[in-house]
Amino acid sequence: MPDNDEVDRIVAAWERAHPELDFSPLQVLSRVGRLAKHLDRARRDAFATTGLEPWEFDVLAALRRAGAPYQSSPKALLQQTLVSSGTMTNRIDRLAERGLVERRTDPHDGRGVLVAMTDAGRAAVDGAMRDLVAREAQLLGALSASDQERLATLLRKLSLDYDA
């Protein structure tokens, strides 16, 4: 395995062009960016095996994580998926057309609506998740379990300010 990667080559070129600048942030964040592209590809491939688009997976995964009976309000779903209410309405409509979710009247509020995952939706999201976990494990294959834990800890520390 080579000692240098593409980021090393990019940073070295920038250091030659601008020796007065500190390019150490690129050593971390350029790698994160490049790995994010590989992760995006792995996710798209995993979702495609079950015929899901990434946005469909996001909504179905939020419902699956809610636990039985796998339902949630549209408002809670948009908060979890970070989309607007109009976008969420469109997504729910499209998932309902595909038979992956259905709308139900909220038993606690007759005017409210709950989005419930169907058996087909559960099968699709579970299949995609199994494939995704396997693909993500491959992406991390060069790291030992302890290295993965250390990296997760460091990334968590970095992301806490942004998740707040």
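Residues numbered from 1 in each chain as written. Predicted model: local features only at pLDDT ≥ 70, side-chain atom pairs only at ≥ 80, totals over all residues. Heavy atoms only, no water.

Engineer: What's the story with the packing of helix H4 (residues 74-81) against helix H5 (residues 85-97) in this structure? I'm lost.
Structural biologist: Geometry of a packed helix pair, given as the angle between the helix axes and the separation of the axes. With their axes 10 Å apart at the nearest point, H4 and H5 run at an angle of 110° to one another. By the angle class used here, H4 and H5 are roughly perpendicular. Across from Pro74, Leu77, Leu78 and Thr81 in H4, the residues of H5 making contact are Ser85, Met88 and Ile92. When grouped by side-chain class, the residues that make up the contact of H4 with H5 number five nonpolar, two polar and no charged. (Axes fitted to C-alpha atoms, helices over the stretch in contact; angles between N-to-C directions. Helix = DSSP H or I, 4+ residues; strand = E, 2+ residues; numbered from the N terminus. Parallel < 35°, antiparallel > 145°, perpendicular 65-115°, else oblique. Contact = heavy atoms within 4.5 Å. Nonpolar A, V, L, I, M, F, W, Y, C, P; charged D, E, K, R; others polar.)

Engineer: What exactly am I supposed to notice about unusual backbone geometry here?
Structural biologist: Peptide bonds are, in most cases, trans, and in most cases residues other than glycine have a negative phi. For the bond from Ala68 to Pro69, the omega torsion is 10°, close enough to zero to count as cis. Within the secondary structure, Pro69 sits in the loop between helix H3 (54-65) and strand S1 (71-72). The phi dihedral of Tyr70 is positive, around 55°, even though this residue is not glycine. Here Tyr70 is to be found in the loop between H3 and S1. For Tyr70, a relative accessible area of 15% translates into the label buried. Residue Leu82 is not a glycine yet carries a positive backbone phi of 60°. Locating Leu82 in the fold gives a position in the loop between H4 and H5. (Buried < 20%, exposed > 50% of the residue type's maximum accessible area, 1.4 Å probe, protein only.)

Engineer: Could you clarify how one ought to interpret the packing of aromatic side chains in this entry?
Structural biologist: How two aromatic rings sit relative to each other is given by the distance of their centres and the angle of their planes. On inspection of all chains with the given rule, the structure shows two aromatic pairs. Taking 6.2 Å as the distance between ring centres and 25° as the angle between the ring planes, the aromatic pair formed by Trp14 and Phe23 counts as stacked. Taking 4.2 Å as the distance between ring centres and 20° as the angle between the ring planes, the aromatic pair formed by Phe47 and Phe57 counts as stacked. Of this pair, Phe47 sits in helix H2 (residues 24-48) while Phe57 sits in helix H3, and the two are 10 residues apart along the sequence. For the pair Phe47 and Phe57, a shared accessibility class is recorded, and that class is buried. (Phe/Tyr/Trp six-rings, centres within 6.5 Å; stacked < 30°, edge-to-face > 60°.)

Engineer: Got a minute to help me understand the UniProt feature "domain: HTH marR-type" (unreviewed entry) in the chain in this structure?
Structural biologist: Mapped onto the present numbering, the UniProt feature "domain: HTH marR-type" (unreviewed entry) falls on residues 25-160. End C-alpha atoms of residues 25-160 are separated by 18 Å, and the span's content is 69% helix alongside 12% strand. (UniProt positions renumbered as here; feature names shortened; annotations may be inferred.)

Engineer: Please explain the pairing of strand S2 (residues 101-106) as it appears in this structure.
Structural biologist: Working note: regular strand, side chains alternate between the two faces of the sheet. Looking at chain direction, S2 and strand S3 (residues 109-117) are connected through six bridges and run antiparallel. Across the sheet, the residue bridging to Glu102 is Ala116, located in S3. A loop of two residues connects S2 with S3, the two strands running antiparallel in sequence. (Pairing = 2+ DSSP bridges.)

Engineer: I'm lost on a nonpolar patch on the surface in this one. Help?
Structural biologist: A contiguous nonpolar surface patch, about 700 Å² in accessible area, is contributed by Val28, Leu29, Val32, Leu139, Leu140, Leu143, Leu151, Leu155 and Leu158. Secondary structure elements with two or more residues in the nonpolar patch: H2 and helix H7 (145-163). Judged by relative accessible area, Leu140 falls into the partly exposed class, the value being 34%. (Patch = residues over 30% accessible without salt bridge, like charges linked within 9 Å, V, L, I, M, F, W, Y side chains within 5 Å. Areas by Shrake-Rupley, 256 points an atom, 1.4 Å probe, with all protein chains shown as cover. Salt bridge = Lys/Arg side-chain N within 4 Å of Asp/Glu carboxyl O.)

Engineer: Would you take a moment to explain H3 for this structure?
Structural biologist: Given 3.6 residues per turn, any residue in an α-helix points the same way as the ones three and four places further on. With 12 residues, H3 should cover 16 Å at 1.5 Å per step; its first-to-last C-alpha distance of 16 Å lies within 8% of that length. For H3, every residue scored as buried is listed here: Trp55, Glu56, Phe57, Val59, Leu60, Ala61, Ala62 and Leu63. Of the residues flanking the end of H3, it is Gly67, one or two places downstream, whose phi is positive at about 80°. (Expected span 1.5 Å × (residues − 1).)

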